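What follows is each chain in one-letter form.
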Amino acid sequence: MIKPRTETPDLSINLLNDTKWMLSEQKPENFTLVVVYRGKHCPVCKKYLETIQDHLGDFKDKGVNVVAISSDTKAKAEASYKEWDIKDVPLGYEFPIEEAREWGLYVSKGIKDEPEEFVEPAIFLIRPDRTLYASSIQTMPFARPEIVELIKSIDFVNNKDYPARGEA
């Protein structure tokens, strides 16, 4: 588990636009938001990422860079991009399971139409110096932070200079 106020591991992931996204190269005004989603097989993820799409401008206005990543193959990520309404969400693929475990994420074995193995959802709100401000790590697709509430929370944090909590 990565504790708040500690440096996160660097993260390097291929994006669908044929670039490599690196956490260490992010220079947000306030935060980088890393959204880990289960993959194309997850209808809850589709809705979650589409809500992020709807609020990308709000995140930008708050000084937050956003990236969404999964352990999906490139082909599955491309299919998600084409079928879901997420045209502006930077979408990363093939997040290694071993690396996901280093981030403290849960990994599930697939059932029915799911991949053989995949990463469960999480969000990481990371300061520009790569220290973790906050995280929410799930064991299944539901009970994720609501996007509108997350945006309101970022306002509160920025306006009140609210410190990271949970480091003890």
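About the criteria used
- Residues numbered from 1 in each chain as written.
- Predicted model: local features only at pLDDT ≥ 70, side-chain atom pairs only at ≥ 80, totals over all residues.
- Heavy atoms only, no water.
- Salt bridge = Lys/Arg side-chain N within 4 Å of Asp/Glu carboxyl O.
- Helix = DSSP H or I, 4+ residues; strand = E, 2+ residues; numbered from the N terminus.
- Buried < 20%, exposed > 50% of the residue type's maximum accessible area, 1.4 Å probe, protein only.
- Pairing = 2+ DSSP bridges.
- Axes fitted to C-alpha atoms, helices over the stretch in contact; angles between N-to-C directions.
- Expected span 1.5 Å × (residues − 1).
- Arc of directions from axis to C-beta.
- Polar contact = N/O pair within 3.5 Å; in protein donor to acceptor, adjacent residues only side chain to side chain.
- Contact = heavy atoms within 4.5 Å.

## Remarks on the pattern of salt bridges
Alright, step 1. Here the structure, examined in full by the defined rule, presents 12 salt bridges.
Alright, step 2. Between Lys40 and Glu83 there is a salt bridge; the shortest N-O distance is 2.9 Å. Within this pair, whereas Lys40 is found in the loop between β3 (31-36) and α1 (43-54), its partner Glu83 is found in helix α3 (residues 74-83), the two being separated by 43 residues in sequence.
Alright, step 3. Its salt-bridge partner being Lys152, residue Glu149 comes within 3.5 Å of it at the nearest N-O pair. With Glu149 and Lys152 both in helix α5 (residues 147-160), this residue pair falls 3 residues apart, about one helical turn.
Alright, step 4. Here Lys152 falls in the partly exposed class, since its relative accessible area comes to 48%.
Alright, step 5. Through salt bridges that share partners, Arg38, Glu114 and Glu120 make up one connected network.

## A few points about unusual backbone geometry
Alright, step 1. One non-glycine residue with positive phi stands out, namely Arg5, at about 75°.
Alright, step 2. Along the chain, the position of Arg5 falls in the segment before β1 (12-15).
Alright, step 3. You can call Arg5 partly exposed: its relative accessible area is 46%.

## Section: the sheet that holds strand β2 (residues 20-22)
Alright, step 1. Ordered by their spatial adjacency, 7 strands build an open sheet running β2-β1-β5-β4-β3-β8-β9, and the pairing between neighbours is mixed. Of all the strands in the sheet, just β2 and β9 (132-137) have a single pairing partner and so form its edges. The mean angle between the axes of side-by-side strands here comes to 30°, regardless of whether they run parallel or antiparallel.
Alright, step 2. Note: β3 against strand β8 (residues 122-126), 5 bridges, orientation antiparallel. Each bridged residue has a counterpart across the sheet, and for Val34 the counterpart in β8 is Phe124.

## Let's talk about α5
Alright, step 1. With 14 residues, α5 ought to run about 20 Å at 1.5 Å a step, and its terminal C-alpha atoms sit 20 Å apart, in line with that.
Alright, step 2. Where α5 is concerned, the buried positions are Ile147, Leu150, Ile151, Ile154 and Val157. Looking down the long axis of α5, one finds its buried residues gathered within 120° of arc, a one-sided arrangement. Those residues of α5 that are exposed and angled more than 90 degrees off the buried face are Asn159 and Lys160.
Alright, step 3. A positive backbone phi angle near 50° is found at Asp161, which sits one or two residues after α5.

## Quick word on the side chain of Glu120
Alright, step 1. Here Glu120 lies in the loop between β7 (117-119) and β8.
Alright, step 2. Polar side-chain contacts of Glu120 include one of 2.6 Å to the side chain of Ser108.
Alright, step 3. Apart from the residues within four sequence positions on either side, Glu120 is in contact with Val36, Arg38, Tyr106, Ser108, Gln138, Thr139, Met140 and Pro141.

## A word on the pairing of β1
Alright, step 1. Burial of the side chains of β1 is restricted to one face: Ile13 and Leu15 are buried, whereas none of Ser12 and Asn14 on the reverse face is.
Alright, step 2. With 3 bridges joining them, β1 and β2 adopt antiparallel strand pairing. By the bridge assignment for β2, Ile13 is matched with Trp21.
Alright, step 3. Connecting β1 to the antiparallel partner β2 that follows it, the hairpin turn spans 4 residues, and Asp18 within it adopts a positive phi of roughly 65°.
Alright, step 4. Judged from the 2 bridges that link them, β1 and strand β5 (residues 91-93) form a sheet pairing that is antiparallel. Following the sheet pairing, Asn14 is matched in β5 by Tyr93.

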